[in-house]
Amino acid sequence: MSTTDVLDMTIDGVRGIGAKRAAVLNEAGIFTLADLFWYRPRRYLDRTRTVPIARAPVGEEVTLVGRVRGMNFVPGRRPRFVLVLEDESDDISCTWFSGGRYMQKNFTEGDELAISGKVDLFQGRRQMVHPEYEFITPAGEAGLLHTGGVVPLYTSSADMKERGLRSRGFRRLMRGALDEFVEQVADGLPAEIRTRQQLMPLVQALRTIHFPASIMEAENARRRLAFDELFYLQLRLARLRARRRERPEGIAMAQSQELVPQLLRELPFALTAAQERVVNEIVADMGLPHVMNRLVQGDVGSGKTLVGLCALLTAVENGFQAALMAPTEILAEQHFLNIKSLVQPLGLQVILLKGKQRVSVRRQLQEALSSGSAHIAVGTHALIQTEVEFARLGLVVIDEQHRFGVMQRGALYKKGEKPDMLVMTATPIPRTLAQTLYGDLEVSLIDELPPGRKPIRTARRGVDRREAIFDFAADQMRQGRQVYIVYPLVEESEKMDLTSAVEACQELSHGPFAEFEVGLLHGRMSAEEKVEVMEAFKAHRMDALVSTTVIEVGVDVPNASVMIVEHAERFGLAQLHQLRGRVGRGGEQSFCILISHQQGVGEGTDSGERLDAMVETQDGFIIAEKDLEIRGPGEFFGTRQAGIPEFKVADVLRDEPLLRAAREEADRQVEIEA
Ligand code: ADP
Ligand code: MG
């Protein structure tokens, strides 16, 4: 067998694995030798750190190893199963109040077990209630009781357990397979990289991850295997980037000499250093003859719109049309009005394309695009409908890109002749993942907020404080500020027991907000109605806006300084962060008040953790990381981000330094290849 394909060998080729065992392993997702070698121990039992039963400290969490001396099922009002475990020093009883008689079937007298849990005293004797347990050695075999060292404990699915493939059997099988084949595994990682990154050889890492001499050695092995995963992914992405740079099939655009400088002169403020740096990065990239594929990350309120606008103007000055796509009509409308007021003085024509426009209007707008008379098109996904044609689309900017699918992004790209692409996001994705997910994009980071922004004071409150909160909001409005009150979405199909935004609006405008103009915005209003309300609020013809989450992304009303979120426990963390980002956009002190209506949204619950995270930090990166931690990658990305790579060893949260190293090495490698 050649060294390259030994890892592809199916496991039935391993001595000791027959058809029956192979079937069990297959069910656990292990088909090839690679699957087997990369099947990591769930944890390690460090025998150098376990204590004799007699010395197990009462009241503390410990792991103990012993043999099953006896078992007993005690029926009665509170039936329980008791198992006595002994070593040379003493014994301890393990008690389960669940599982009943059937627990007995799991064990045989003489089995060697590791148990983990808290040691109590019960009638003067040591006991553990509901310990976690793991089989070490079956009855009748020489065990580990007398060995020091580290024992790998594998996840064995219930099925594997049932069919007799417990940790012990698995360890033996792994040992055999390693002894037989691991030396044939080729280490594809260039030796210089291994040396530079102080990584152990692959063969050694595979042996060590399963049979380490110490926990530290196991971690070193894990580090090597994690690096491989990250490195090969980064290498693929780096090659993609390099290929794109080499192929001069895009458009090379010159730096704007008129439009952008003119825009910047008109602005009442200067760009932040971060905005300026990012604009320069974009312009330099647009200046190259390849297709730009760049991601701008910047927290809510960091001023991404202007950065995008500078790119749009650069394209226009080069004789191209440019398009800006936003995920909601409200946002598209806002961008449109904002951009129009800024660029009309420059003599440019901006149009807005959205869902429900009259056919005659629509035709006129499409004509403006296909004839080339319109310079900038702002819109929702109405922009990507088949009838929409551009005369010469040179740049596509996508705002809040995480709201769009990959397909939609691609569709807009296809409206042009290899236009440059700029996607913008308020980083709902941790840095590590951005690198992984968007590794084929160049990344620009706006890591600074405009000056004079005061931190938003954030508080979580129970529903009992509602009255006081609305009094506070009224007080803010008397001082000339504006207020958002946000409710979870009203679903027509579901009868939710929530105070709907509609009712709340009634209640507020007749009660605590009687002296103010209160507006209402929700998903079931028509697009025109929504836009009308938004415009009224923006122009301060309205003091308070009661809304469902339709305002979540992008909305920019700098005079609004209070964000009240009702049923805050129902919102996701990224959503709460986005909502809070609607305030704190002007110079005034802003407030975000999260009202939870659920009793006991407290310690230890996900929603409690989310609200705590909101109070603790305003940093979008930290929030995103926290969010990922609470939900786990699967749910965090959900259907939104298909194609997230699954790592077997690397941990996207903890392995950030390793990821950075892998990316650097990948870039270096691609340079060598070139
Ligand atoms: P986001 O990054 O969330 O899309 P926006 O582009 O909506 O942020 O900008 C937020 C607010 O900050 C807007 O009101 C915008 O006019 C303002 N702004 C943007 N850049 C600056 C700057 N350099 N100085 C002051 N205010 C700015
Ligand atoms: Mg924005």
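Residues numbered from 1 in each chain as written. Chains lettered and ligands numbered in written order. Predicted model: local features only at pLDDT ≥ 70, side-chain atom pairs only at ≥ 80, totals over all residues. Heavy atoms only, no water.

**Student:** Mind showing me how you'd approach the overall build of the protein chain here?
**Tutor:** Counting its secondary structure elements, the protein chain contains 21 helices and 21 strands. Taken over 674 residues, the protein chain has a buried fraction of 53%. Here the contacts in the protein chain between residues at least 6 apart in sequence split such that 74% fall between residues at least 24 apart. When the accessible surface of the protein chain is summed, it comes to about 30,600 Å², and 49% of that surface belongs to carbon and sulfur atoms. (Helix = DSSP H or I, 4+ residues; strand = E, 2+ residues; numbered from the N terminus. Buried < 20%, exposed > 50% of the residue type's maximum accessible area, 1.4 Å probe, protein only. Contact = heavy atoms within 4.5 Å. Areas by Shrake-Rupley, 256 points an atom, 1.4 Å probe, with all protein chains shown as cover.)

**Student:** What should I look at first to understand the nonpolar core in this one?
**Tutor:** The tendency in soluble globular proteins is for nonpolar side chains to be buried side by side. Among the nonpolar cores identified, the biggest contains 58 residues, and Leu33, Leu36, Phe37, Trp38, Val185 and Phe227 are the most heavily contacted of them. Secondary-structure elements contributing two or more residues to this core are helix H1 (19-27), helix H2 (33-37), helix H4 (167-181), helix H6 (202-210), helix H7 (215-246) and helix H21 (656-673). Of the residues forming this core, the biggest block, 12 residues, is contributed by H7. Built from parts of two domains, this core gets at least three residues from each of domain 1 (1-42 + 154-186) and domain 3 (192-246 + 645-674). When residues no more than four places from it in sequence are discounted, the contact partners of Trp38 are Leu7, Leu202, Leu206, Leu225, Lys648 and Val649. Listed in part, the 44 residues of the second largest apolar core include Leu263, Ala274, Val307 and Val378. (Core = buried A, V, L, I, M, F, W, Y, C linked by side-chain atoms within 4.5 Å. Domains from an automatic or database assignment.)

**Student:** So what exactly am I meant to see when it comes to H6 here?
**Tutor:** Residues separated by three or four positions in an α-helix point in the same direction, a consequence of the helix having 3.6 residues per turn. When you tally the buried positions in H6, you get seven out of nine residues, the bulk of the element. Those residues of H6 not exposed but buried are Leu202, Val203, Ala205, Leu206, Thr208, Ile209 and His210.

**Student:** Whenever I open this one, the pattern of salt bridges confuses me. Can you help?
**Tutor:** Between side chains of opposite charge, pairing is possible as soon as their charged atoms come close. In the structure shown here, the tally under the stated rule is 31 salt bridges. With a closest N to O distance of 3.8 Å, Glu112 and Arg67 form a salt bridge. Remark: Arg67 occurs in strand E2 (residues 61-74) and Glu112 occurs in strand E5 (residues 112-122); sequence separation between them is 45 residues. Residue Lys626 is joined to Glu609 by a salt bridge in which the shortest nitrogen-to-oxygen separation is 3.9 Å. Of the two residues, Lys626 is situated in helix H20 (residues 620-637) and Glu609 in helix H19 (residues 606-616); the sequence distance between them amounts to 17 residues. Lys626 gets classed as partly exposed once you look at its relative accessible area, which sits at 25%. (Salt bridge = Lys/Arg side-chain N within 4 Å of Asp/Glu carboxyl O.)

**Student:** Just checking my understanding: could you explain the packing of helix H10 (residues 304-317) against helix H11 (residues 329-343) for this structure?
**Tutor:** The geometry of a pair of packed helices is captured by two quantities: the angle between their axes and the separation between those axes. Contact geometry of H10 with H11 gives a least axis separation of 12 Å together with a crossing angle of 55°. One way to sum up the angle between H10 and H11 is to call them oblique. Handedness of the H10/H11 crossing: right-handed. For the pair H10 and H11, the contacting residues are Thr305, Leu309, Leu312 and Leu313 in the first and His335, Asn338, Ile339, Leu342 and Val343 in the second. By residue class, the composition of the contact of H10 with H11 is six nonpolar, three polar and no charged. (Axes fitted to C-alpha atoms, helices over the stretch in contact; angles between N-to-C directions. Parallel < 35°, antiparallel > 145°, perpendicular 65-115°, else oblique. Left-handed = near helix turned anticlockwise from the far one by under 90°. Nonpolar A, V, L, I, M, F, W, Y, C, P; charged D, E, K, R; others polar.)

**Student:** Help me understand the site of ligand 1, please; the structure alone is not making it clear to me.
**Tutor:** In the vicinity of ligand 1 lie 18 residues, with Gly301, Lys304, Thr305, Arg453 and Asp556 positioned nearest. Separating an oxygen atom of ligand 1 from a backbone N or O atom of Ser302 is a distance of 3.3 Å. Within the contact set of ligand 1, an oxygen atom lies 2.7 Å away from a side-chain nitrogen or oxygen of Lys304. Coverage of ligand 1 by the protein chains reaches 87% of its 560 Å² of free accessible surface. Per element, the largest residue contribution to the shell around ligand 1 is three residues, and it comes from H10. Classifying every residue of the shell around ligand 1 gives seven nonpolar, six polar and five charged. Both of domain 4 (270-446) and domain 5 (457-617) provide at least three residues apiece to the shell around ligand 1. (Near = heavy atom within 4 Å. Polar contact = N/O pair within 3.5 Å; in protein donor to acceptor, adjacent residues only side chain to side chain.)

**Student:** It is not clear to me how the packing of H11 against helix H17 (residues 527-538) should be interpreted in this structure. Could you clarify?
**Tutor:** As a packed pair, H11 and H17 sit with axes 10 Å apart at the nearest point and diverge in direction by 50°. Taken together, H11 and H17 sit at an angle that is classed as oblique. Where H11 crosses over H17, the handedness of that crossing is right-handed. Touching Glu329, Ile330, Glu333, Gln334 and Leu337 of H11 are Ala527, Lys530, Val531, Met534, Glu535 and Lys538, all from H17. Among the residues making up the contact of H11 with H17, the classes are represented as five nonpolar, one polar and five charged.

**Student:** What is the right way to read a negative patch on the surface from this model?
**Tutor:** Together, Glu528, Glu529, Glu532 and Glu535 line one region of the surface with negative charge. Residue Glu528 is classed as partly exposed on the basis of its relative accessible area of 42%. (Patch = residues over 30% accessible without salt bridge, like charges linked within 9 Å, V, L, I, M, F, W, Y side chains within 5 Å. Lys, Arg positive; Asp, Glu negative; His and termini not counted. Charge placed at Lys NZ, Arg CZ, Asp CG, Glu CD.)

**Student:** I keep staring at the sheet that holds strand E19 (residues 544-547) and nothing clicks. Help me out?
**Tutor:** In any sheet, the strands associate via hydrogen bonds between backbone groups, in a parallel or an antiparallel arrangement. Ordered by their spatial adjacency, six strands build an open sheet running E16-E21-E20-E17-E19-E18, and the pairing between neighbours is parallel. Across the chains shown, the open sheet's two edge strands, defined by having one partner strand only, are strand E16 (457-462) and strand E18 (518-521). Going from strand to strand, the sheet's axes swing by 20° on average, the running direction of each strand aside. Here four bridges tie strand E20 (residues 560-565) to strand E21 (residues 591-596), and the two strands are oriented parallel to one another. Bridge assignment links Ile564 to a residue of E21, and that residue is Ile593. Sitting on the sheet, helix H18 (residues 573-580) touches E16, strand E17 (482-486), E20 and E21, and the angle it makes with E20 is about 155°. (Pairing = 2+ DSSP bridges.)

**Student:** Looking at this structure, I do not really get the pairing of E5. What am I missing?
**Tutor:** Regular strands show a simple pattern: their side chains alternate between the two faces of the sheet. Alignment of E2 against E5, held across seven bridges, turns out to be antiparallel. If you follow Glu61 over to E5, its bridge partner there is Lys118. Relative to strand E7 (residues 132-137), E5 runs antiparallel, the two sharing five bridges. Residue Ala114 lies in a different strand from E7, and its bridge partner there is Glu134.

**Student:** Would you mind going over the sheet that holds strand E12 (residues 376-379) with me for this structure?
**Tutor:** Spatially, E11-E12-E10-E13-E14-E9-E15 is the arrangement adopted by the seven strands of the open sheet, whose pairing is parallel. The outermost strands of the open sheet, each flanked by one partner alone, are strand E11 (350-353) and strand E15 (442-446). Shown here is a sheet whose adjacent strand axes are inclined to one another by a mean of 20°, direction ignored. Where strand E10 (residues 321-325) lies against E12, four bridges are found, and the strand directions are parallel. Across the sheet, residue Met325 finds its bridge partner in E12, namely Gly379. Strands in contact with helix H12 (residues 359-371) are E10, E11 and E12; relative to E11, the strand with the most contacts, it is inclined by about 130°.

**Student:** Could you clarify how one ought to interpret H17 in this entry?
**Tutor:** Between its first and last C-alpha atoms H17 spans 16 Å; for 12 residues at 1.5 Å apiece the expected length is 16 Å, and the two agree. Those residues of H17 that fall on the buried side of the exposure criterion are Ala527, Lys530, Val531, Val533, Met534, Ala536 and Phe537. A positive backbone phi angle near 65° is found at His540, which sits one or two residues after H17. (Expected span 1.5 Å × (residues − 1).)

**Student:** Got a minute to help me understand the environment of Gln506 in this structure?
**Tutor:** Locating Gln506 in the fold gives a position in helix H16 (residues 501-510). Taking C-alpha positions, Gln506 is 9.0 Å from Val518, a pair spaced 12 residues apart along the chain.

**Student:** Quick question: what am I supposed to make of unusual backbone geometry here?
**Tutor:** If a residue is not glycine, its phi is most likely negative; likewise, a peptide bond is most likely trans. If you check the backbone angles, Gln198 has positive phi at about 50° while not being a glycine. Tracing the backbone through its elements, the reader meets Gln198 in the loop between helix H5 (191-196) and H6. Given a relative accessible area of 70%, Gln198 falls into the exposed group. Not every positive phi belongs to a glycine, and Lys418 is a case in point at roughly 50°.

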